[in-house]
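Secondary and tertiary structure notes
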Amino acid sequence: SPLFSIQNMNNESSAACRDNAVAALSRMIMALPSHVPLAQVLPPLLQALPLQTDMTENETVYTCLLGLLQMNQPELLANSEHLKRVFLEATAETSKVAPEIQEKLKLAAESMGWA
């Protein structure tokens, strides 16, 4: 998807740009989810995770996903396999996601039967 495809993703500044775009989209979703075409933006957003360089944006991104999950957002649930991968990668031992966020993700994964 062209939404987050940036040429030369091996470049750290390009990866940071993509991370920031993911976080910006997450903020838009949290502010006005009914004004964002979730069916179109969630698949590329999930594919862009985990974040590569800007770990300060993890809280924003995962708060957004957890909020949509809590609302039983149909477009998110339709992408449950991608979401499962994202949550499992974010809670892996090698993850750069902060422990307090990991705990929230683990609880959500357990509630979904993924843990």
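Conventions we followed
Residues numbered from 1 in each chain as written. Predicted model: local features only at pLDDT ≥ 70, side-chain atom pairs only at ≥ 80, totals over all residues. Heavy atoms only, no water. Helix = DSSP H or I, 4+ residues; strand = E, 2+ residues; numbered from the N terminus. Rg over C-alpha atoms; globule rule 2.2 N^0.38 Å. Buried < 20%, exposed > 50% of the residue type's maximum accessible area, 1.4 Å probe, protein only. Contact = heavy atoms within 4.5 Å. Areas by Shrake-Rupley, 256 points an atom, 1.4 Å probe, with all protein chains shown as cover. Disulfide = S-S within 2.5 Å. Salt bridge = Lys/Arg side-chain N within 4 Å of Asp/Glu carboxyl O. Core = buried A, V, L, I, M, F, W, Y, C linked by side-chain atoms within 4.5 Å.

Some remarks on the overall build of the chain
Across its full length, the chain carries 6 helices and 0 strands. Going from the N terminus to the C terminus, the chain shows its helices and strands as α-α-α-α-α-α. Relative to the globule expectation of 13 Å for 115 residues, the C-alpha radius of gyration of the chain, 13 Å, shows essentially globular dimensions. In terms of principal-axis extent, the alpha carbons of the chain reach across some 40 × 35 × 20 Å. Sorting the 115 residues of the chain into buried and exposed places 41% on the buried side. If you take every contact in the chain between residues at least 6 apart in sequence, the share linking residues at least 24 apart comes to 59%. Counting only carbon and sulfur atoms, one obtains 53% of the accessible surface of the chain, whose full area is about 6,500 Å².

Re the state of the cysteines
Enumeration according to the criterion identifies 0 disulfides in this entry. Between Cys64, a cysteine without a disulfide, and Cys17, which holds the nearest cysteine sulfur, the sulfur-to-sulfur distance is 19 Å. Residue classification places Cys64 among the buried residues on the basis of a relative accessible area of 3%.

Remarks on helix 2 (residues 38-47)
Among all positions in helix 2, only Leu38, Val41, Leu42, Pro44, Leu45 and Leu46 are buried. Residues of helix 2 that are buried make contact with helix 1 (12-31), helix 3 (58-70), helix 4 (74-77) and helix 5 (80-90).

A word on unusual backbone geometry
Excluding glycine, residues mostly have negative phi values, and the peptide bonds linking residues are mostly trans. In this structure, Pro50 follows Leu49 across a cis peptide bond, with omega equal to 5 degrees. When you line up the elements, Pro50 lands in the loop between helix 2 and helix 3.

Observations concerning the pattern of salt bridges
The tally for this structure, following the rule as stated, stands at 3 salt bridges. For Glu57, the salt bridge goes to Arg27, with nearest N and O atoms at 2.8 Å. In this pair, Glu57 is assigned in the loop between helix 2 and helix 3 and Arg27 in helix 1, connecting sequence segments 30 residues apart. The salt bridge partner of Lys106 is Glu103, with a shortest N-O separation of 3.8 Å. Of the two residues, Lys106 and Glu103 are both situated in helix 6 (residues 99-111); the distance of 3 residues between them amounts to about one turn of the helix. Looking at Lys106, the relative accessible area reads 32%, which means it is partly exposed.

Notes on the environment of Ala92
Tracing the backbone through its elements, the reader meets Ala92 in the loop between helix 5 and helix 6. Each C-alpha atom of the pair Ala92 and Lys106 lies 9.9 Å from the other, and the pair is 14 residues apart in sequence.

Quick look at the nonpolar core
Counting 31 residues, the largest nonpolar core has Ile29, Leu49, Leu65 and Phe87 as its most contacted members. Secondary structure elements with two or more residues in this core: helix 1, helix 2, helix 3, helix 5 and helix 6. In terms of residue count, helix 3 provides more of this core than any other element does, 7 residues in total. Setting aside residues up to four positions removed in sequence, Leu65 forms contacts with Leu45, Leu46, Leu49, Leu76, Leu83, Val86 and Phe87.

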